[in-house]
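# What the coordinates show
Below, each chain spelled out in residue letters.
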Amino acid sequence: MGDLTTERSSATGTAPVLVASNRGPVSFGTADDGTLTLRRGGGGLVSGLSAIDDPNAVWVCAALNDADRRAAREAPHGRLDLAGHDVGGQAVRMLDLDPETFAHAYNGVANSTLWFVHHLLYATPTAPAFDADFRTQWADYTAYNTAFAEALAAEAAPGAAVLVQDYHLSLTPALLRATRPDLRIGHFSHTPWAPPEYYRLLPDDVAAAVLTGILGADRAGFLTERWARAFAACCEAVLGATVDHEALTVTHAGRTTRLGVHALGADADFLRERAHRPDVDERLTALRTAVGERRTIVRVDRTELSKNIVRGLLAYRHLLRTRPEWHDRVVHIAFAYPSRTDLAEYRDYTAAVQQLAAEINAEFATPAWQPLILHVNDDFPRSLAAYRLADVALVNPIRDGMNLVAKEVPVVSDHGCALVLSREAGAHAELGEDSLVVNPYDVIATADALHAGLTMPPEERAARTKRLADAATALPPQQWFLDQLNAL
């Protein structure tokens, strides 16, 4: 271990580009014999970072489980690459945070508070209630952000560019700026941003701290102009900051932060190639067997409260109740993959989805027809198979920063697909024109849109799908990432 430590100390502060996110590009497990096993992650950030052709770039992330923490502890200064792990040609520094501190920061503040605020999810007669427990969690959220800021400061070369990701790390830019004013810092929000009157549910000092934390960046990025303008409005209302609405800048406490809009797109080449591998073909055959000659309505989501799965199922039930011509002629394929199962609200929500699905099948099924196929176990090849098969795709979130499913389905669709899309999804800004747009709370209007999608002429569906796919892939992950880097 001594040689590695020497190598590490000589590498201190040499990273010209750094990325910080809660989840890193790799995760660990423990094999039966006690050795660590490594799994590479996917997603937009991983593809994006691969665009950096620099061996000195560093990704800073948190250890998410006991095996991650062990790997971080056993690596010099948490640098997995220096411990010989295959992390994909990147340098990765994984932070071994106290499990309770991490749980408070991640579940208590990030996922149960900031996420709920930005997605407008609170049932306000009873929640939130910011009490002494919340203050403990907030202190740990601050400690978690401080650990990231310290690690970034230690790894960054003079004048380096740092891209901080998402609501987990909203305090990090200002904390990093305080110790390393030489750095060029960007922050990117992958969620929506709440309007001021809802954002102010947060305690005043917390609301101000989150905003000033992000304003520590030279540039704050958002998925749509709508979310960027909501952030600016909160800065104006809560901090009394000066906003230039035309230039999209926020000036506060003598510093100006530029706001940028980067609409993350689907990775067309990867999706089209992946969607035609044998494992996907196999699942497509199984789905076709289950569906027969019937039309299909497809949805693929995590069982995330904001995804609005229950109202989607209610709309399908309304379609079957009011338009009996669809009996035995349509199948709803709903994949609802478990999300945040350590939070009670999410477990309850998944149970509600399963209960309603069972009721719909009980009401309408015949010996020859199962109207609803629900799967709650994650299977990416099966999702791609469903994308290819879909006649109608239902994407009806209450609120969504972007929603990549809306962008992925048109890219891999075999015969064209009508997209029923919530106007509250960030993707609506780019895809609204060629979608059947719905108010996500209106069950009857959503049922009508499903009917319109099912009856859309094939040539119109194909033409819309082509335009949707073009719009959906305008800014693929690598370009999305490089655009932010170049803007710094």
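Residues numbered from 1 in each chain as written. Predicted model: local features only at pLDDT ≥ 70, side-chain atom pairs only at ≥ 80, totals over all residues. Heavy atoms only, no water.

Okay, the pairing of strand β14 (residues 372–375) next. Sheet topology note: the strand β13 (residues 330–337)/β14 ladder contains four bridges and is parallel. When the sheet's bridge partners are listed, Phe335 is paired in β14 with His375. Read as a crossover between parallel neighbours, the route from β13 over helix α13 (residues 344–364) to β14 is right-handed. (Pairing = 2+ DSSP bridges. Helix = DSSP H or I, 4+ residues; strand = E, 2+ residues; numbered from the N terminus. Right-handed = clockwise from strand over helix to strand, strands pointing away.)

Direction vectors running N to C along helix α12 (residues 309–322) and α13 enclose 10 degrees, while the axes themselves pass 9 Å from each other. In terms of axis orientation, α12 runs roughly parallel to α13. Residues Ile309, Val310, Leu313, Leu314, Tyr316, Arg317, Leu320 and Arg321 of α12 lie in contact with α13, whose contacting residues are Tyr349, Ala352, Val353, Leu356, Ala357, Glu359, Ile360, Glu363 and Phe364. (Axes fitted to C-alpha atoms, helices over the stretch in contact; angles between N-to-C directions. Parallel < 35°, antiparallel > 145°, perpendicular 65-115°, else oblique. Contact = heavy atoms within 4.5 Å.)

Next up on the list: the packing of aromatic side chains. For the structure shown, the criterion picks out 16 aromatic pairs. Between the aromatic rings of Phe134 and Trp138, the centroid separation amounts to 6.5 Å while the plane-to-plane angle is 20 degrees, which identifies the pairing as stacked. A residue pair is termed a helical-turn pair when its members lie 3 or 4 positions apart in one helix, as Phe134 and Trp138 do in helix α5 (residues 132–155) at four residues. Here Phe134 matches Trp138 in class, with each residue buried. The ring of Trp115 has Arg340 lying over it, and the distance from NZ or CZ to the ring centre is 4.2 Å. Over the aromatic face of Phe335 sits the side chain of Arg382, whose NZ or CZ is 4.8 Å from the ring centroid. (Phe/Tyr/Trp six-rings, centres within 6.5 Å; stacked < 30°, edge-to-face > 60°. Buried < 20%, exposed > 50% of the residue type's maximum accessible area, 1.4 Å probe, protein only. Lys NZ or Arg CZ within 6 Å of the ring centre and 35° of its normal.)

It is worth spelling out the environment of His77 at this point. Following the sequence through the fold, His77 ends up in the loop between α3 (66–74) and β5 (91–95). On the basis of relative accessible area, His77 is assigned to the partly exposed category, the value being 48%. It is 43 Å that separates the C-alpha atoms of His77 and Ala429, two residues lying 352 residues apart in sequence.

Once that is clear, we can look at the sheet that holds strand β11 (residues 255–261). Taken in spatial order, the nine strands line up as β5-β4-β1-β6-β7-β8-β11-β10-β9 in an open sheet, and their pairing is mixed. The strands lining the two open edges of the sheet, one partner per strand, are β5 and β9 (242–244). The average angle at which neighbouring strand axes cross in this sheet is 20 degrees, direction not considered. Direction of pairing for strand β4 (residues 58–62) relative to β5: parallel, over a ladder of five bridges. The residue of β5 that forms the bridge with Trp59 is Val92. Where helix α6 (residues 172–179) meets the sheet, it contacts β6 (156–165), β7 (184–189) and β11, and its direction lies at approximately 175 degrees from that of β7.

Let us look at the side chain of Arg388. Note that Arg388 resides in helix α14 (residues 380–389). The class of Arg388 is buried, set by a relative accessible area of 9%. Side chain to side chain, Arg388 and Asp281 meet in a polar contact 2.8 Å long. Filtering out sequence-adjacent residues up to four positions away, Arg388 remains in contact with Ala275, His276, Val280, Asp281, Leu284, Val412, Ser413 and Asp414. (Polar contact = N/O pair within 3.5 Å; in protein donor to acceptor, adjacent residues only side chain to side chain.)

Turning our eyes to something else, we now look at the sheet that holds strand β17 (residues 436–438). The six strands are arranged β14-β13-β12-β15-β16-β17 in an open sheet whose pairing can be described as parallel. If you trace the sheet from one side to the other, it starts and ends with β14 and β17, each paired once. With direction set aside, neighbouring strand axes in the sheet form an average angle of 15 degrees. Where strand β12 (residues 295–302) meets β13, eight bridges bridge the pair, whose relative direction is parallel. Within the sheet, the bridge partner assigned to Val298 lies in β13 and is Ile333. Against the sheet, helix α15 (residues 404–412) engages β12, β15 (392–395) and β16 (418–422), with an angle of about 170 degrees to β15.

Moving on: helix α8 (residues 204–215). Given 3.6 residues per helical turn, the α-helix brings residues three or four places apart onto the same face. The terminal C-alpha atoms of α8, which comprises 12 residues, lie 17 Å apart, in line with the 16 Å expected from a rise of 1.5 Å per residue. All of the buried residues along α8 are Val206, Ala207, Val210, Leu211, Gly213, Ile214 and Leu215. (Expected span 1.5 Å × (residues − 1).)

Right, let's talk about helix α18 (residues 458–472) for a bit. Compared with the 21 Å implied by 1.5 Å per residue over 15 residues, the 20 Å span of α18 between its first and last C-alpha is a close match. Within the span of α18, buried status applies to Arg461, Arg464, Thr465, Leu468, Ala469 and Ala472. Mapping the buried residues of α18 onto a view down its axis gives an arc of 140 degrees, with all of them on the same face. Of the residues in α18, the exposed ones pointing more than 90 degrees away from the buried face are Glu459 and Lys466. (Arc of directions from axis to C-beta.)

With that out of the way, let us pick up the pattern of salt bridges. Inspection of the entire model under this criterion finds 32 salt bridges. Here Glu424 makes a salt bridge to Arg226, at a shortest N to O gap of 2.8 Å. Of this pair, Glu424 sits in the loop between β16 and α16 (428–431) while Arg226 sits in helix α9 (residues 225–239); the two residues are 198 residues apart in sequence, bridging distant segments of the chain. The shortest N-O distance in the salt bridge between Arg461 and Asp391 comes to 3.6 Å. Of the two residues, Arg461 is situated in helix α18 and Asp391 in the loop between α14 and β15; the sequence distance between them amounts to 70 residues. For Arg461, a relative accessible area of 6% gives the class buried. Residue Asp391 is classed as buried on the basis of its relative accessible area, which comes to 12%. Members of the salt-bridge network, linked through shared partners, are Arg79, Asp81, Arg93 and Glu155. (Salt bridge = Lys/Arg side-chain N within 4 Å of Asp/Glu carboxyl O.)

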